[in-house]
Amino acid sequence: DIQMTQSPSTLSASVGDRVTITCRASQSISKWLAWYQQKPGKAPKLLIFDASSLESGVPSRFSGSGYGAEYTLTISSLQPDDFGTYYCQQYFSGSRTFGQGTKVEIK
Amino acid sequence: HVQLQQSGPGLVKPSQTLSLTCDISGDSVSGDFVAWNWVRQSPSRGLEWLGRTYYRSRWFYDYAVSVKSRIRINPDTSKNQLSLQLTSVTPEDTAVYYCVREPDSNRINYFDYWGQGTVVSVSS
């Protein structure tokens, strides 16, 4: 299986900060990567697919980039509603593996 | 607007069968190009894809290697419903289970709609 490693595991930032989360795959996954946001007690919500395509209805402060084995999710200006845990997911291979998550806290 | 409403017991005894149902609205379980999946989440295993089914002139099924010998995903076109059966459960199967849509079955894909999740505990 392709392993997905996210960093950092936790981050604390202030409203208005620019936040970046990194996801590294154990091999190249071309651009087949998605990002999700999950709030406590809720299902994950799709933010980004195909590494950089913004899902309909998702605020434009969220953006994704990367290719090959390294990807980033950026929140250009952190808002109070952006707290939660963020996950990357590869869909290059059939196992569709997820990263372990990055918990974002608002200072 | 696609909605996935899950139901099923929250407690299953070890060695028994876990059974969950997902009612689909706003789309069809046999719809063109979409696929219907089950994903689970636990503190020890994180988010884990379990399997999917989709219809392209006939039904296709893909299952994760980790559960392949124990899992069955069944579509019910009369009820527009998806079901999950996981046999011979152990405490390791304790997790939140999600019914999930994959928007394009032509290739392996991301997940755009999720059910609300069902907490299942395996305990005697």
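The structure presented is a predicted model; accordingly, all values stated were derived computationally and were not measured.

Chemist: So what's going on with the interface of chain A and chain B? Which residues, and what values?
Modeler: Much of the literature gives interface size as the accessible area that the parts lose upon coming together. Opposite the 20 residues of chain A that make contact, chain B presents 17 residues. Contact between chain A and chain B buries roughly 1,500 Å² in total, counting both sides, with carbon and sulfur atoms accounting for 62%. At the boundary of chain A with chain B, the tally comes to two salt bridges. With a closest N to O distance of 3.5 Å, Arg96(A) and Glu102(B) form a salt bridge. One can count seven residue pairs in polar contact (both at pLDDT 80 or more) joining chain A with chain B.

Chemist: Outline the sheet that holds strand β3 (residues 19-25) of chain A, supporting the account with residue identities and numerical values.
Modeler: All names here are of chain A. Read across the open sheet, the four strands follow the order β1-β3-β8-β7; overall the sheet is antiparallel. At either end of the open sheet lies a strand with only one pairing partner, and these are β1 (4-7) and β7 (62-67). Each strand axis lies, on average, 20 degrees off the axis of its neighbour in the sheet, ignoring direction. In this sheet, strand β8 (residues 70-75) lies alongside β3 in antiparallel orientation, the contact comprising six bridges. Paired with Thr20 across the strands is Thr74, a residue of β8.

Chemist: Any chance you could break down the state of the cysteines for me, citing the residues and the numbers?
Modeler: Residue and element names in this part refer to chain B. Overall, the coordinates contain two disulfides over all chains when judged by the stated rule. Across the disulfide, Cys22 is cross-linked to Cys99 (sulfur-sulfur distance 2.1 Å). A torsion of -70 degrees about the S-S bond marks the disulfide between Cys22 and Cys99 as left-handed. Of this pair, Cys22 sits in strand β3 (residues 18-25) while Cys99 sits in strand β9 (residues 95-102), and the two are 77 residues apart along the sequence.

Chemist: Residues and numbers for the pattern of salt bridges, please.
Modeler: Residues and elements named next belong to chain B. According to the stated counting rule, one finds 14 salt bridges over all chains in the structure shown. Between Asp93 and Arg40 there is a salt bridge; the shortest N-O distance is 2.8 Å. Here the residue Asp93 occupies a position in the loop between β8 (81-86) and β9, and Arg40 occupies one in strand β4 (residues 35-42), the gap between them amounting to 53 residues. Relative accessible area serves as the criterion here: at 2%, Asp93 is assigned to the buried category.

So, how was this worked out
- Residues numbered from 1 in each chain as written.
- Chains lettered and ligands numbered in written order.
- Predicted model: local features only at pLDDT ≥ 70, side-chain atom pairs only at ≥ 80, totals over all residues.
- Heavy atoms only, no water.
- Contact = heavy atoms within 4.5 Å.
- Buried area = accessible area lost by both parts, 1.4 Å probe.
- Salt bridge = Lys/Arg side-chain N within 4 Å of Asp/Glu carboxyl O.
- Polar contact = N/O pair within 3.5 Å; in protein donor to acceptor, adjacent residues only side chain to side chain.
- Pairing = 2+ DSSP bridges.
- Helix = DSSP H or I, 4+ residues; strand = E, 2+ residues; numbered from the N terminus.
- Axes fitted to C-alpha atoms, helices over the stretch in contact; angles between N-to-C directions.
- Disulfide = S-S within 2.5 Å.
- Buried < 20%, exposed > 50% of the residue type's maximum accessible area, 1.4 Å probe, protein only.

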